[in-house]
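Tertiary structure, described
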Amino acid sequence: MGIITKIESQKKRDDRVNIYIDEKLAIYKELVFTFNLKKGQEIDPNNLKSILDNEMYMKAKNKALSILSKASQSEKQIRQKLAKDYEEDTIDKVIEFLQKYKFVDDEDLASRIVNTNVNLNKYGKNKIKQNLYNKGIDKNIIETAIDDIDTDKEFENALYLGKKRYERLKNEDPRKAYQKIGNHLAYKGFNYDIIKKVLNKLFNDVDEYSC
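Residues numbered from 1 in each chain as written. Predicted model: local features only at pLDDT ≥ 70, side-chain atom pairs only at ≥ 80, totals over all residues. Heavy atoms only, no water.

As for the side chain of Asn 117
- Take Asn 117: it is sitting in helix α5 (residues 106-121).
- Take Asn 117: its relative accessible area is 6%, and that puts it in the buried class.
- Engagement of the side chain of Asn 117 in a polar contact is seen with the side chain of Asn 121, the distance being 3.0 Å.
- Once you skip the residues sitting within four places of it in the chain, Asn 117 turns out to touch Lys 122, Tyr 123, Ile 128 and Asn 131. (Helix = DSSP H or I, 4+ residues; strand = E, 2+ residues; numbered from the N terminus. Buried < 20%, exposed > 50% of the residue type's maximum accessible area, 1.4 Å probe, protein only. Polar contact = N/O pair within 3.5 Å; in protein donor to acceptor, adjacent residues only side chain to side chain. Contact = heavy atoms within 4.5 Å.)

And the structure:
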C-alpha cells in the first residue's frame, strides 16, 4: 500500500493534476473525482493500475476525438492511429465508445463517400470501391455500398465526363481521341461495358451503341 501525500494542479494544463505517492504521477483531474482521491488516502497497487488504465483510456479517447474532429475515419483507421501509443484493450474500449455515440460508423461513412463520389466527383464503381478500400472499410460493407449505386446514374456520369473530354480532343485524330477518352474513363473507375457505350455514343457508332 502507498499513501497519497499531495495532489496539486499542473500549471500548464488545468485539466491534469500531479498526485504524489512514492513518486509524482500526472493524471487527468477528472480521475481524481471519479476515484475520490484525497491527500492522506491509502491506495493499493491494483487501484493504482485501475487509475492508470483509465488515464490511458481517456488519453486515447481524446486523441481519437481530435482525429475525428479533422476528418471522418473508419474503425480501421482509428485503430491504426492509436496502435502506436496504446494497448489493444485500451483501443477496444475507445472504439466501443466511438461506435456507441456514432463517432465511428463504417456503414454511414461508406454511404457518404459513395454519395460524394457519385454525385460530386462522378466516379465509376471501380474507383469508388478503391476509395472505400483505402479508407479501411470492411469488404462486406463496401460491396453493399457499391451495389446501391444506380447503373443509369453511373452511365450518365461517364457520358458527362466523356463529353467534357471529347470537347478537348475533338480536333485530334479520332482514333487517338477515342483511346484517350477510354483511358480517362477507366481512370475514373468505369468498367469496360460503360466505357464502350459512351465511346460509341460520342463517336456515333450507332450499330454498337445501346443504352
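Don't stop here, the text continues.
Here we look at the nonpolar core
- Among the nonpolar cores identified, the biggest contains 24 residues, and Ile 19, Leu 37, Ile 78, Leu 82, Val 94 and Leu 98 are the most heavily contacted of them.
- Going through the elements one at a time, β3 (16-20), α1 (29-34), α2 (45-70), α3 (75-82) and α4 (88-100) are the ones with two or more residues in this core.
- With seven residues, α2 is the single largest residue contributor to this core.
- Leaving out residues up to four positions away in the same chain, Val 94 has contacts with Tyr 57, Ala 60, Lys 61, Ala 64 and Leu 82. (Core = buried A, V, L, I, M, F, W, Y, C linked by side-chain atoms within 4.5 Å.)

Comments concerning the packing of helix α8 (residues 151-169) against helix α9 (residues 174-187)
- One way to put it is that α8 packs onto α9 with a least axis distance of 10 Å and a crossing angle of 140°. Relative to α9, the element α8 lies oblique. In the packing of α8 onto α9, the handedness of the crossing is right-handed. Together, Ala 158, Leu 161, Gly 162, Arg 165, Tyr 166 and Leu 169 of α8 and Ala 177, Lys 180, Ile 181, His 184 and Leu 185 of α9 make up the contact between the two elements. (Axes fitted to C-alpha atoms, helices over the stretch in contact; angles between N-to-C directions. Parallel < 35°, antiparallel > 145°, perpendicular 65-115°, else oblique. Left-handed = near helix turned anticlockwise from the far one by under 90°.)

A few points about the packing of aromatic side chains
- For the coordinates displayed, the defined rule picks out four aromatic pairs.
- With 5.2 Å between their ring centres and 50° between their planes, Phe 97 and Tyr 101 make a pair best called tilted.
- Judged by its relative accessible area of 18%, Phe 97 is buried.
- With relative accessibility at 47%, the residue Tyr 101 sits in the partly exposed group.
- Each ring, one from Tyr 166 and one from Phe 203, has its centre 5.5 Å from the other, and the planes form 90°; the classification is edge-to-face. Separated by 37 residues along the polypeptide, Tyr 166 in helix α8 and Phe 203 in the segment after α10 (192-202) bring together distant segments of the chain.
- Three or more aromatic residues joined by ring pairs form one cluster here, namely Phe 97, Tyr 101 and Phe 103.
- Between Lys 61 and the ring centre of Phe 97, over which it is positioned, the NZ or CZ distance is 4.8 Å.
- The ring of Tyr 57 carries the charged tip of Lys 93 above its face, separated from the ring centre by 4.6 Å. (Phe/Tyr/Trp six-rings, centres within 6.5 Å; stacked < 30°, edge-to-face > 60°. Lys NZ or Arg CZ within 6 Å of the ring centre and 35° of its normal.)

Re helix α6 (residues 125-134)
- Looking at α6, one finds that the buried residues are Lys 127, Ile 128 and Leu 132. Buried positions in α6, seen along its axis, are confined to an arc of 140° and lie on one side of it. Exposed and facing more than 90 degrees away from the buried side of α6 are Tyr 133 and Asn 134.
- Positive backbone phi, approximately 80°, marks Gly 136, located one or two places after α6. (Arc of directions from axis to C-beta.)

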